[in-house]
Amino acid sequence: MNYPVKHYYYFIASLPDLRWDGEVPFPIITFLEENETALLPLSDNVNDIILLNDLKNMHGYIKVQCANFITGTKRSRGAMDAEFYEPSLFDKETMRELLVKPDELPEFIVSFLAENKEYAERYENFDSLYAAYYDYLGEKDSDFFKEYSLFESSLRKVIAAFRARSRGLDMEISVPGSDEITETILANRTASDFGLKNIFPFINEMVEVFKEDTLNREKKLDRIRFSFLENFTGEDPFKEDCVYAYIFQLLLLERWQMLDREKGKQIVSNIVTGEISR
């Protein structure tokens, strides 16, 4: 890949460090706009990272559309607007249109919408779309995306296992698959750490996370994600992996800057309604 080398190296060298307990140095929209030239060779992958916000926005809109099914109370369009994540590839109106005619969306989203035609079905099964998104990232020709996809898949299976056990749900249904993480969980379903001590490095933190209330739990799960991403920002800060990890970290920090405001608890209560978030 041919970078504008001097510009790119200056861009990387000028990036402030990100800390979980620190301030967000700039809005991510500003980051993307001011570094458009340096990021241009990476734009396809950057757009696929931003696509996660579009999935969150789609999820929010579907919740509004099937509000009577979920809560029996009609939610206003303003409720969705308050939860609209930016940056996004599609604005509000375009996203609503694409739910009807999803021609411009990636194939994994088109397939999900075709298989789940009713809003209630889409809401109930939306977690499978988040899973498909990470599978989609894992198919990219990038070690970073392959590793992050595998991490997210494992994390989500562990979250599903803790939730299934706390609610007395069928573990085989809640944690599908035949990979090592799944088989270990099913074989050790009564163990406090599901037998994952030597397989999943964040399992001790996860045990503690699920002793927390909903708001703190959600935040600590994102803290685990942030910690994993730190693995890519240390060895060689000029690698593309560093840029992708930095953008994901910036999205996490900006999300919690928003959620820590007055409307934070309400938005989180909408996000965490039993499904695995994101």
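Residues numbered from 1 in each chain as written. Predicted model: local features only at pLDDT ≥ 70, side-chain atom pairs only at ≥ 80, totals over all residues. Heavy atoms only, no water.

**What about the overall build of the protein?**
Right, so step 1: Helix and strand counts for the protein come out as 17 helices and zero strands.
Right, so step 2: Looking at the protein as a whole, 50% of its 278 residues are labelled buried.
Right, so step 3: Within the protein, counting contacts between residues at least 6 apart in sequence, those at least 24 apart form 66% of the total.
Right, so step 4: Just so you have it, the protein exposes about 14100 Å², and 47% of that area is on carbon and sulfur atoms. (Helix = DSSP H or I, 4+ residues; strand = E, 2+ residues; numbered from the N terminus. Buried < 20%, exposed > 50% of the residue type's maximum accessible area, 1.4 Å probe, protein only. Contact = heavy atoms within 4.5 Å. Areas by Shrake-Rupley, 256 points an atom, 1.4 Å probe, with all protein chains shown as cover.)

**Thoughts on the pattern of salt bridges**
Right, so step 1: For the coordinates displayed, the defined rule picks out 13 salt bridges.
Right, so step 2: With a shortest N-O distance of 2.6 Å, Lys220 and Glu212 are connected by a salt bridge.
Right, so step 3: You can call Glu212 partly exposed: its relative accessible area is 24%.
Right, so step 4: For Lys239, the salt bridge goes to Asp241, with nearest N and O atoms at 3.8 Å. (Salt bridge = Lys/Arg side-chain N within 4 Å of Asp/Glu carboxyl O.)

**Section: the environment of Arg223**
Right, so step 1: By secondary structure assignment, the location of Arg223 is in helix 15 (residues 214-229).
Right, so step 2: For Arg223 and Asp21, which are 202 residues apart along the polypeptide, the C-alpha to C-alpha distance reads 9.6 Å.
Right, so step 3: Those residues within four positions of Arg223 in sequence are excluded, and the remaining contacts are Trp20 and Glu230.

**Re the nonpolar core**
Right, so step 1: The biggest cluster of nonpolar side chains holds 84 residues, and the ones touching the most others in it are Phe31, Met58, Phe200, Met206 and Phe248.
Right, so step 2: Setting aside anything within four residues of it in sequence, one finds Phe200 in contact with Phe151, Ser154, Leu155, Val158, Ile181 and Met206. (Core = buried A, V, L, I, M, F, W, Y, C linked by side-chain atoms within 4.5 Å.)

**As for unusual backbone geometry**
Right, so step 1: With an omega of 5°, the peptide bond running from Glu86 to Pro87 counts as cis.
Right, so step 2: Note that Pro87 resides in the loop between helix 6 (77-82) and helix 7 (92-100).
Right, so step 3: Here Phe194, not a glycine, exhibits a phi torsion of approximately 55°, which is positive.
Right, so step 4: Turning to its location among the elements, Phe194 is positioned in the loop between helix 13 (180-187) and helix 14 (203-209).

**Remarks on the confidence of the model for the protein**
Right, so step 1: For the protein, the average pLDDT comes to 86, and 84% of its residues sit at 70 or higher.
Right, so step 2: Element-level mean pLDDT values for the protein span from 51 in helix 6 up to 97 in helix 13. (pLDDT = per-residue confidence, 0-100.)

**A look at helix 15**
Residues spaced three or four apart along an α-helix point in a common direction, a consequence of the helix completing one turn every 3.6 residues.
Right, so step 1: Spanning 16 residues, helix 15 covers 23 Å between terminal C-alpha atoms, matching the ideal 22 Å at 1.5 Å per step.
Right, so step 2: Here helix 15 starts with a cap whose side-chain oxygen sits 3.0 Å from the backbone nitrogen of Asn216, and that cap is Asp213. (Expected span 1.5 Å × (residues − 1). Polar contact = N/O pair within 3.5 Å; in protein donor to acceptor, adjacent residues only side chain to side chain.)

**A few points about the packing of helix 11 (residues 143-167) against helix 15**
Right, so step 1: Where helix 11 contacts helix 15, the axes come no closer than 11 Å and their chain directions differ by 155°. Classified by the angle between their axes, helix 11 and helix 15 sit roughly antiparallel to one another. Between helix 11 and helix 15 the crossing geometry is right-handed. Judged by residue contacts, Phe144, Glu147, Tyr148, Phe151, Glu152, Leu155 and Ile159 of helix 11 engage Leu221, Ile224, Arg225, Phe228 and Leu229 from helix 15. (Axes fitted to C-alpha atoms, helices over the stretch in contact; angles between N-to-C directions. Parallel < 35°, antiparallel > 145°, perpendicular 65-115°, else oblique. Left-handed = near helix turned anticlockwise from the far one by under 90°.)

**Some remarks on the environment of Phe112**
Right, so step 1: Topologically, Phe112 is positioned in helix 8 (residues 107-115).
Right, so step 2: Considered as a pair, Phe112 and Ser128 are 16 residues apart in the sequence and their alpha carbons are 8.3 Å apart.
Right, so step 3: Apart from residues no more than four positions distant in its own chain, Phe112 is found in contact with Arg122, Asn125, Phe126, Ser128 and Leu129.

**Comments concerning helix 16 (residues 240-259)**
Right, so step 1: Helix length check: helix 16, at 20 residues, gives a terminal C-alpha distance of 29 Å against a target of 28 Å (1.5 Å per residue), a fit within 8%.
Right, so step 2: Among the 20 residues of helix 16, 18 are classified as buried, and the element is accordingly described as predominantly covered.

**Comments concerning the layout of surface pockets**
Right, so step 1: There is about 320 Å³ of room inside the second largest pocket.
Right, so step 2: Residue lining of the second largest pocket: 13 residues in total, with Leu32, Glu33, Val46, Asn47 and Ile50 positioned closest to the centre.
Right, so step 3: For the lining of the second largest pocket, the element with the highest residue contribution is helix 4 (residues 43-65), accounting for four residues. (1 Å grid on protein atoms, 1.4 Å probe; cavity = no way out; pocket = protein on both sides within 12 Å on 5 of 7 lines; lining within 4 Å. Points joined across faces, edges and corners; volume = space filled by probe spheres on them.)

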